[in-house]
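# Examining the three-dimensional arrangement
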Amino acid sequence: MRDYGFCFWSLGDIPITQKCGIAQNIGVDGVEVEGNIKENPANLKNILESYNLKILSVTPVNVDISSPINNVRELAVQYFLDLIDWAVKVGAPRICLHGDVGKVSVSGDSELDWNYLVSSTQKIMDKALKSNIEVVFEVLNRYENHQIVTCEEALELIKEVNNPSLKVLLDAYHMNIEEQNPVAALRLAGEKLGVYHVADSNREQIGNGHANIEGQIKTLHDIDYQGPIIMEIMATGPNPFTPVKGDDYIEVLTDFYKESLKLIKKWDQK
């Protein structure tokens, strides 16, 4: 049975109980929560359970696991090690991993950057495997990070890290920018696909852009993808790094999610 959800961060800085009420209104099975390790995991787990919401995944804070600055990189890795412990306590099956959002150029030595990325990921994955937590490496786009912007690059990282708990997260919005053929990218990921994020080409509700979301969802069946479909949609407006797009952004976003979920469920049954 497929789980459908959306990313909590897209609702902005509002109370967790309000986010849960919106999730119930939208009609999802679960959510991707924000990885704020200062938040009491037991309390968060209890709140979500009281609203009958599953935790599908965890969005990390923005840290740089491939930084050439040793202290920055080590602190970033430690965050993810702590996040794994937090995820266990909150009852999450997986966490997301990605590069520093906003870092769009190399430090000066692309090979060194890659080696730092691999070694940091290996350290994180050693603990993830022992903790029975799946890690999905999210493929971003060139306007958010300079490393891992295609499925092929993500699979190369997975090959080098060589840990069975590491999979790939493909996002329809990012694929629209970077992949020549998003459907082909999903096929390439195959059994390594751990999470599928979805929004249309403009990161709005499905149908507001030009992405072939129906084709992508049908492809999930072709590759026997059993994981969740998690919507990561934004209200209309500038600045891709903030969810707040005006006074009525929550109402707009709620409608976007509702309408998108209807189409996703329709296509996912074929």
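These numbers come from a predicted model, not from an experiment.

### Thoughts on the side chain of Q205
Mapped onto the elements of the fold, Q205 is located in the loop between β7 (193–198) and α8 (213–222). Of the residues examined, Q205 reaches a relative accessible area of 15% and is grouped as buried.

### Quick word on the packing of aromatic side chains
Under the defined criterion, the tally for this structure stands at three aromatic pairs. Here the aromatic rings of F6 and F8 are separated by 5.8 Å at their centres, their planes lie at 70°, and the arrangement is edge-to-face. Just as F6 is buried, F8 falls in that class too. Taken together, a centroid distance of 4.7 Å and an interplanar angle of 40° make the contact between F6 and Y257 tilted. In this pair, F6 sits in strand β1 (residues 4–7) while Y257 sits in helix α9 (residues 249–268), placing the two residues 251 residues apart along the sequence. Of the two residues, F6 and Y257, both sit in the buried class.

### Quick look at the state of the cysteines
Counting across every chain of the model gives zero disulfides. In this structure C7 is a free cysteine whose sulfur lies 7.2 Å from that of C96, the closest cysteine sulfur available. The closest cysteine sulfur to the non-disulfide-bonded C20 is located on C7, 14 Å from its own sulfur.

### Topic: the environment of A92
Among the structural elements, A92 can be located in the loop between α3 (70–90) and β4 (94–97). Taking relative accessible area as the criterion, A92 reaches 6% and is therefore assigned buried. Residues A92 and S110 lie 18 residues apart in sequence; the distance between their C-alpha atoms is 34 Å.

### A closer look at the sheet that holds strand β2 (residues 30–34)
In any sheet, the strands associate via hydrogen bonds between backbone groups, in a parallel or an antiparallel arrangement. With parallel pairing, eight strands are arranged side by side in an open sheet as β3-β2-β1-β8-β7-β6-β5-β4. Each having just a single partner strand, β3 (54–59) and β4 make up the two edges of the open sheet. Across this sheet, the average inter-strand angle for adjacent strands is 30°, counted without regard to direction. Where β7 and strand β8 (residues 229–231) come together, three bridges link them in parallel fashion. Residue pairing across strands places V198 opposite M231, the latter belonging to β8. Of the strands in this sheet, β7 and β8 touch α8, which is tilted by about 160° from β7.

### Concerning the environment of A87
Relative to the helices and strands, A87 is located in helix α3. Accessibility expressed as a relative area gives 0% for A87, which makes it buried. As a C-alpha pair, A87 and G35 span 52 residues in sequence and 8.1 Å in three-dimensional space. For A87, the contacting residues outside a window of four places in its chain are A92, I95 and I133.

### Quick notes on α9
Taking 1.5 Å of rise per residue, the 20 residues of α9 would be expected to cover 28 Å, and the 28 Å separating its terminal C-alpha atoms lies within 8% of that figure. By the burial criterion, the buried members of α9 are Y249, I250, L253, T254, F256, Y257, S260, L261, I264, W267 and D268. With its buried residues spanning 160° around the axis, α9 presents them on a single face. Within α9, the exposed residues directed more than 90 degrees away from the buried face are K262 and K266. Those residues of α9 that are buried lie in contact with β1, α1 (16–26), β7, α8 and β8.

What counts and how
Residues numbered from 1 in each chain as written. Predicted model: local features only at pLDDT ≥ 70, side-chain atom pairs only at ≥ 80, totals over all residues. Heavy atoms only, no water. Helix = DSSP H or I, 4+ residues; strand = E, 2+ residues; numbered from the N terminus. Buried < 20%, exposed > 50% of the residue type's maximum accessible area, 1.4 Å probe, protein only. Phe/Tyr/Trp six-rings, centres within 6.5 Å; stacked < 30°, edge-to-face > 60°. Disulfide = S-S within 2.5 Å. Pairing = 2+ DSSP bridges. Axes fitted to C-alpha atoms, helices over the stretch in contact; angles between N-to-C directions. Contact = heavy atoms within 4.5 Å. Expected span 1.5 Å × (residues − 1). Arc of directions from axis to C-beta.

Scope: geometric values only; no functional claims are made or implied.
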